[in-house]
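As a plain string of letters, each chain reads:
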Amino acid sequence: MAGSSEQARHWRYAELPGVDLLRAHYISKTFVRHTHEHFVIAAIAEGVDVFHHGGAEQHAGPGTVALINPDTMHTGRAGVPEGWRYGVVYPSPDLVAAIAAETTNVRGTPGFVRPVLEDPYAVTLVHRVLRAAEEGNALAADTLLRVAATRLLRLNGGPVPQRAVRTAGARVAARARDVLQERLADPPSLERLAADLGVGPFALLRAFRDAYGMPPHTWLTDARVRAARRLLDAGAAPAEAAVAVGFTDQPHLNRHFARIVGVPPGAYQRERKNVQDGESALLVPSGVWQNRRHPQT
């Protein structure tokens, strides 16, 4: 790993609907506070991934799996100078719920209890899922994904507590979130938002942090990137998606997109197009805008 450049590939395999895939080697990459709509199952092959989760820093090294439930705030950075190399599958909540219902005794909404699990065999399974997807082996990819998810749920699964809006502060935070979601491209100032909700700016800031683990402006950026992903998946050009969700321009989208998704929007969208067109996929540098094809890595 020492001396090599950062590389990443974020893609989908048509035979695994509802699942995103990532294979990456990051050295200086820093993921800002963000969430995912899907589960994160990240199998560490080399190095150390450090991420903030649940109010503390977590360290995932070789032979461990980082496990993050949907809509859970977290970050990411290297814990050693050589960075970390990992493979990640992002299964949808519906898929994980279906697997849990068929193969485990987990009741309620299934999720993972601990954010880091030491299990070299699960690490191997995740990387085999990625390899099968790269090779176009649908039977193996689907089978191995279900085996890996079942194993992780049996070792580290449980019902996810449902976030209940009980306190006045939590209700205000939920209302503020709804306003920001409706006004992604034209959000109010913190002062205006607070006034419209009948509270002070700092009271709103504290309530929002307590409810969602990040301030409103950080949540807004995360929501904009989510919306941009949906537009890119639907075929919108990155520049169009940037403006539609409220970013100033395409470079503004590029910067935030790469710090949350792990690859630039152009590379992200090209992989979606590859799924539709049946083209061979490529591993591209993770932190720069790409406008040309690269040799297979």
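Residues numbered from 1 in each chain as written. Predicted model: local features only at pLDDT ≥ 70, side-chain atom pairs only at ≥ 80, totals over all residues. Heavy atoms only, no water.

A word on the pairing of strand E2 (residues 19–26). Of all eight residues making up E2, seven are buried, and the element is well covered by its neighbours. Pairing of strand E1 (residues 7–12) with E2 involves six bridges; the strand directions are antiparallel. Within E2, the residue paired with Ala 8 across the bridge is Ala 24. The hairpin formed by E1 and E2 contains six residues between the paired strands, and Gly 18 there has a positive phi angle of roughly 80°. Bridge count for E2 against strand E9 (residues 84–91) is eight bridges, and the pairing is antiparallel. Bridged to Ala 24 within E9 is Tyr 86. (Buried < 20%, exposed > 50% of the residue type's maximum accessible area, 1.4 Å probe, protein only. Helix = DSSP H or I, 4+ residues; strand = E, 2+ residues; numbered from the N terminus. Pairing = 2+ DSSP bridges.)

In the predicted model, the protein chain carries a mean pLDDT of 90, and the fraction of residues at 70 or more is 90%. This model gives residues 278–297 a pLDDT under 50, and the stretch forms 52 contacts once residues within four places in sequence are excluded. (pLDDT = per-residue confidence, 0-100. Contact = heavy atoms within 4.5 Å.)

The nonpolar side chains of a soluble globular protein tend to be buried with one another. By size, the foremost hydrophobic cluster in this structure holds 51 residues, and its most contacted members are Leu 22, Tyr 26 and Tyr 86. Setting aside residues up to four positions removed in sequence, Leu 22 forms contacts with Ala 8, Arg 9, His 10, Trp 11, Tyr 86, Gly 87, Val 88, Tyr 90 and Leu 130. By size, the runner-up hydrophobic cluster in this structure holds 32 residues, among which are Val 89, Ala 100, Val 126 and Ala 141. (Core = buried A, V, L, I, M, F, W, Y, C linked by side-chain atoms within 4.5 Å.)

Moving on: the side chain of His 74. Here His 74 shows up in strand E8 (residues 74–78). Here His 74 falls in the buried class, since its relative accessible area comes to 4%. At a separation of 3.5 Å, a polar atom in the side chain of His 74 contacts the side chain of His 36. Every residue in contact with His 74, bar those within four places of it in the chain, is listed here: Val 32, Arg 33, His 34, Thr 35, His 36, His 52 and Ile 68. (Polar contact = N/O pair within 3.5 Å; in protein donor to acceptor, adjacent residues only side chain to side chain.)

Locating His 256 in the fold gives a position in helix H9 (residues 250–261). Since its relative accessible area comes to 16%, His 256 is described here as buried. Setting aside chain neighbours within four positions, we find His 256 in contact with Thr 221, Val 225 and Phe 247.

Moving on: the side chain of Arg 224. Among the structural elements, Arg 224 can be located in helix H7 (residues 216–233). Buried and without a salt bridge, Arg 224 has Asp 186 as its closest oppositely charged side chain, separated by 7.5 Å. Residues within four places of Arg 224 in sequence aside, it is in contact with Leu 184, Ala 185, Pro 187, Val 245, Gly 246 and Phe 247. (Lys, Arg positive; Asp, Glu negative; His and termini not counted. Salt bridge = Lys/Arg side-chain N within 4 Å of Asp/Glu carboxyl O.)

Among the secondary structure elements, Gln 250 is positioned in helix H9. Distance in space between the C-alpha atoms of Gln 250 and Ala 237 is 9.6 Å, their sequence separation being 13 residues.

Judged by how many residues are buried, strand E7 (residues 64–68) sits mostly within the fold: five of five residues are covered. Side chains Thr 64, Ala 66 and Ile 68 of E7 all project onto a buried face; the interleaved residues Val 65 and Leu 67 project onto the opposite face, where all are buried too. Here strand E4 (residues 40–47) runs beside E7; their pairing, made up of four bridges, is antiparallel. The residue bridging Ala 43 from the neighbouring strand is Val 65, located in E7.

Okay, the sheet that holds E8 next. Read from one edge of the open sheet, four strands run E3-E8-E5-E6, paired in antiparallel fashion. Lying at the two open borders of the sheet, with one neighbouring strand each, are strand E3 (31–34) and strand E6 (56–60). When strand polarity is set aside, the average angle formed by the axes of neighbouring strands in this sheet is 20°. Of the strand pairs in this sheet, E3 and E8 are connected by two bridges, and their pairing is antiparallel. Bridging from a neighbouring strand, His 34 pairs with His 74 of E8. (Axes fitted to C-alpha atoms, helices over the stretch in contact; angles between N-to-C directions.)

Quick look at the packing of helix H2 (residues 120–135) against helix H3 (residues 138–156) now. Where H2 contacts H3, the two axes come as close as 8 Å, and the packing angle between them is 160°. Relative to H3, the element H2 is oriented roughly antiparallel. For the crossing formed where H2 meets H3, the hand is left-handed. Residues Tyr 121, Ala 122, Leu 125, Arg 128, Val 129, Ala 132 and Ala 133 of H2 touch H3, and the partners they reach there are Ala 140, Ala 141, Leu 144, Leu 145, Val 147, Ala 148, Arg 151 and Leu 152. Across the contact of H2 with H3, the residue classes tally to 13 nonpolar, no polar and two charged. (Parallel < 35°, antiparallel > 145°, perpendicular 65-115°, else oblique. Left-handed = near helix turned anticlockwise from the far one by under 90°. Nonpolar A, V, L, I, M, F, W, Y, C, P; charged D, E, K, R; others polar.)

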